[in-house]
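Descriptive structure summary
Residue-level listing of the chains:
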Amino acid sequence: MKIWFKTWKNSKLQRDVTIEDTSDETRTHKVMNALGEACRTLDLSRPIWLDRNIQDFKETGKTRFTADSFIEDVPFDYLEIEVIEEDEK
């Protein structure tokens, strides 16, 4: 699985990182592990998953975390995560 993490400000891409996980973990574990790694790489606290994030991610493989999803202040408008490659079944 490959997940692309992007921070956006004023409709412009600021920073991005792609995390690949080839482990045998569940999809949820892969997403959470990749989110942790991306947050370390981008020097961010982990965002809070709200119901809308969970629903969006289940339906589309993509979601956005706005500044209100973070405990600390963030220098961007939102963090977007998107699955760009799913594991073969």
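Note: the structure precedes this text.
So, here is what we can say about the structure in this document. (Residues numbered from 1 in each chain as written. Predicted model: local features only at pLDDT ≥ 70, side-chain atom pairs only at ≥ 80, totals over all residues. Heavy atoms only, no water.)

On to the layout of surface pockets, then. One number sums up the size of the largest pocket: a volume of about 170 Å³. Every residue along the wall of the largest pocket is listed here: Arg 27, Thr 28, Val 31, Met 32, Trp 49, Ile 54, Phe 57 and Lys 58. Those elements that provide at least two residues to the lining of the largest pocket are helix H1 (27–42) and helix H2 (51–60). Examining the composition of the lining of the largest pocket, we find that 4 residues originate from one element, H1, more than from any other. Each residue belonging to the lining of the largest pocket can be placed in one class, and the counts come to 5 nonpolar, 1 polar and 2 charged. (1 Å grid on protein atoms, 1.4 Å probe; cavity = no way out; pocket = protein on both sides within 12 Å on 5 of 7 lines; lining within 4 Å. Points joined across faces, edges and corners; volume = space filled by probe spheres on them. Helix = DSSP H or I, 4+ residues; strand = E, 2+ residues; numbered from the N terminus. Nonpolar A, V, L, I, M, F, W, Y, C, P; charged D, E, K, R; others polar.)

Note that strand E1 (residues 2–9) and strand E2 (residues 12–20) share 8 bridges and pair antiparallel. From the neighbouring strand, Trp 8 faces E2, where its bridge partner is Leu 13. What sits between the antiparallel neighbours E1 and E2 is a turn of 2 residues, in which Asn 10 has the positive phi angle 50°. As defined by bridge partners, E1 adjoins strand E4 (residues 78–85) across 7 bridges and the pair is classed as antiparallel. Across the sheet, Ile 3 pairs through a bridge with Val 83, a residue of E4. (Pairing = 2+ DSSP bridges.)

We now examine the nonpolar core. Counting residues in each nonpolar core, the largest one holds 19 residues, and the members touching the most others are Ile 3, Phe 5, Leu 79 and Ile 81. Every element with two or more residues in this core is listed here: E1, E2, H1 and E4. Per-element tally for this core: the top contributor is H1, with 6 residues. In contact with Ile 3, other than residues within four places in its own chain, are Val 17, Thr 18, Ile 19, Val 31, Ala 34, Ile 81, Glu 82, Val 83 and Ile 84. (Core = buried A, V, L, I, M, F, W, Y, C linked by side-chain atoms within 4.5 Å. Buried < 20%, exposed > 50% of the residue type's maximum accessible area, 1.4 Å probe, protein only. Contact = heavy atoms within 4.5 Å.)

Moving on, we get to the packing of aromatic side chains. By the definition in use, this model includes 4 aromatic pairs. Measuring from ring centre to ring centre gives 5.7 Å for Phe 70 and Phe 76, while their planes differ by 85°; the resulting arrangement is edge-to-face. Like Phe 70, the residue Phe 76 is buried in the burial classification. One aromatic cluster is present, formed by Trp 49, Phe 57 and Phe 65 through successive ring pairs. (Phe/Tyr/Trp six-rings, centres within 6.5 Å; stacked < 30°, edge-to-face > 60°.)

Here we take up the sheet that holds E4. Within the open sheet, the 4 strands sit side by side as E2-E1-E4-E3. Their pairing is antiparallel. Single-partner strands in this sheet number two, and they are E2 and strand E3 (62–66). The mean angle between the axes of side-by-side strands here comes to 20°, regardless of whether they run parallel or antiparallel. Most of the contacts of H1 go to E2, to which it runs at about 130°, and overall it touches E1, E2 and E4. (Axes fitted to C-alpha atoms, helices over the stretch in contact; angles between N-to-C directions.)

Geometric values such as these leave the question of function open.
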